[in-house]
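Okay, here's what each chain looks like letter by letter:
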Amino acid sequence: MAKKAETVEEKLRALYDLQLIDSRIDEIRNMRGELPLEVEDLKDEVTGLTTRLEKLNNELQSVEEQIKSKKNDIEEHKAAIKKYNEQQKDVRNNREFNSLTKEIEFQTLEIELAEKHIKEFKANVEYKKNLIEQTAEKLETKSNHLTHKENELNGILTETEREEKALTKKSEEFASVIEDRLFNAYTRIRNGVKNRLAVVSIERGASAGSFFTIPPQVQVEIAGRKKIMTDEHSGRILVDAALAAEEKEKIDDIIKKLK
């Protein structure tokens, strides 16, 4: 078990070391940014478009089969008309002739209705083909975009995954030497500020990233490393510039070896 930091200076160094490590992890994760979510969203879109394209092709096939069926019906109706026309030549009375004439009229109406349906089906076929073409183009665009984003994400993961794992382990190591109360305060401050910087150094008389000047007497106390002090405006833990420079050099060497 790692020995806990005992003196205030040891605690400040441990806190700043942890901050530098955690900031590098944040940097790596920011490099990925929204890419994982983008990739997932694109995958969902590609899946949805693929399903839609399959459905449209099935619908098109169904309509084309209906056209074929109606054309077969027309041929059957024509054959029936031909048969009734032949039968009219051999009728023995007007009643039979009129009955056949009605059959012929009925078959003719059926042909007209079938032709009307075929016309409607053909219009639907054109509509479906246009939809299929548009959907296929959109699918191709989204698929290409997905491939590009996946390659981009995989490149970043390949480049940083090993480093991130090693840094996470280091973060745990550095956190283990900090007393629980102080570590909890560090975590709370980190989670409460936008840039996730819980420990910052003094730069040009102010805490890093702040425009509020720290009184000279307070700066002297911070440099004395006898007391853990926080910025009254942001609540962040403050360290002096010299300590920060020393620890940054140390942590930079550690990070270089992890890459």
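Here the structure is a predicted model, which is why all the values come from computation and not from measurement.

We now examine the overall build of the protein. Within the protein one finds 6 helices and 4 strands. Secondary structure of the protein in N-to-C order comes out as α-α-α-α-β-β-α-β-β-α. In summary, the protein has a C-alpha radius of gyration of 40 Å against a globular reference of 18 Å for 259 residues, an excess of more than 25%. Taken along the three principal axes of its C-alpha coordinates, the protein extends 130 × 35 × 30 Å. In the protein, which comprises 259 residues, the share counted as buried stands at 36%.

The buried fraction of strand E1 (residues 199–203) amounts to 4 of the 5 residues, a majority that puts the element mostly inside the structure. One ladder, built from 3 bridges, connects E1 with strand E4 (residues 237–239); its direction is parallel. Note on E4: the bridge partner recorded for Val 200 is Leu 238. For E1 and strand E2 (residues 206–207), the ladder comprises 2 bridges, and the chain directions are antiparallel.

Quick look at the packing of helix H1 (residues 8–32) against helix H4 (residues 180–192) now. Taken N-terminus to C-terminus, the directions of H1 and H4 make an angle of 40 degrees; their axes are 12 Å apart at the nearest point. In the packing of H1 onto H4, the handedness of the crossing is right-handed. Counted together, Lys 11, Leu 15, Leu 18, Gln 19, Asp 22 and Asp 26 of H1 and Leu 182, Phe 183, Tyr 186 and Arg 190 of H4 form the full contact between these two elements. Looking at side-chain class alone, the contact of H1 with H4 contains 5 nonpolar, 1 polar and 4 charged residues.

The subject of this paragraph is the sheet that holds E2. Strand order in the open sheet formed by 4 strands is E2-E1-E4-E3, with mixed pairing between adjacent strands. Among the strands making up the open sheet, the edge pair consists of E2 and strand E3 (229–230).

Relative to the helices and strands, Thr 135 is located in helix H3 (residues 94–176). In contact with Thr 135, other than residues within four places in its own chain, are Leu 49, Arg 52, Leu 53 and Leu 56.

Here we take up unusual backbone geometry. For residues that are not glycine, phi is negative in most cases, and the peptide bond is trans in most cases. Although it is not a glycine, Arg 196 adopts a positive phi angle of roughly 60 degrees. The topology assignment puts Arg 196 in the loop between H4 and E1. Positive phi, close to 55 degrees, is recorded for Arg 225, a residue that is not glycine. With respect to the helices, strands and loops of the structure, Arg 225 is situated in the loop between helix H5 (216–224) and E3.

For the protein, per-residue confidence averages 92 on the pLDDT scale, and 98% of positions sit at 70 or higher. The weakest mean pLDDT in the protein belongs to E2 at 76; the strongest belongs to helix H2 (residues 35–88) at 96.

Our focus in this paragraph is the packing of H1 against helix H6 (residues 241–258). Contact geometry of H1 with H6 gives a least axis separation of 10 Å together with a crossing angle of 45 degrees. Considering the angle they form, H1 stands oblique to H6. At the point where H1 passes H6, the crossing takes the right-handed sense. Contacts between H1 and H6 pair Glu 9, Leu 12, Arg 13, Tyr 16, Asp 17, Leu 20, Ile 21 and Arg 24 from the former with Leu 243, Ala 244, Glu 246, Glu 247, Lys 248, Lys 250, Ile 251 and Ile 255 from the latter. Of the residues that constitute the contact of H1 with H6, the class distribution is 8 nonpolar, no polar and 8 charged.

With respect to the element layout, Arg 204 can be found in the loop between E1 and E2. For the pair Arg 204 and Phe 174, spaced 30 residues apart in sequence, the C-alpha separation works out to 28 Å.

Oppositely charged side chains can pair when the atoms bearing their charge come close. Here the structure, examined in full by the defined rule, presents 25 salt bridges. Residue Lys 11 is joined to Glu 179 by a salt bridge in which the shortest nitrogen-to-oxygen separation is 2.7 Å. Separated by 168 residues along the polypeptide, Lys 11 in helix H1 and Glu 179 in the loop between H3 and H4 bring together distant segments of the chain. A relative accessible area of 23% places Glu 179 in the partly exposed class. Across the salt bridge formed by Lys 43 and Glu 40, the nearest N and O atoms sit 4.0 Å from each other. Note that Lys 43 and Glu 40 are positioned in helix H2 at a spacing of 3 residues, about one turn of the helix. On the basis of relative accessibility, which here comes to 42%, the residue Glu 40 falls in the partly exposed class. Taken together, the shared-partner salt bridges connect Glu 9, Arg 13, Asp 17, Arg 225, Asp 240, Glu 246, Glu 247 and Lys 250 into one network.

Conventions we followed
- Residues numbered from 1 in each chain as written.
- Predicted model: local features only at pLDDT ≥ 70, side-chain atom pairs only at ≥ 80, totals over all residues.
- Heavy atoms only, no water.
- Helix = DSSP H or I, 4+ residues; strand = E, 2+ residues; numbered from the N terminus.
- Rg over C-alpha atoms; globule rule 2.2 N^0.38 Å.
- Buried < 20%, exposed > 50% of the residue type's maximum accessible area, 1.4 Å probe, protein only.
- Pairing = 2+ DSSP bridges.
- Axes fitted to C-alpha atoms, helices over the stretch in contact; angles between N-to-C directions.
- Left-handed = near helix turned anticlockwise from the far one by under 90°.
- Contact = heavy atoms within 4.5 Å.
- Nonpolar A, V, L, I, M, F, W, Y, C, P; charged D, E, K, R; others polar.
- pLDDT = per-residue confidence, 0-100.
- Parallel < 35°, antiparallel > 145°, perpendicular 65-115°, else oblique.
- Salt bridge = Lys/Arg side-chain N within 4 Å of Asp/Glu carboxyl O.

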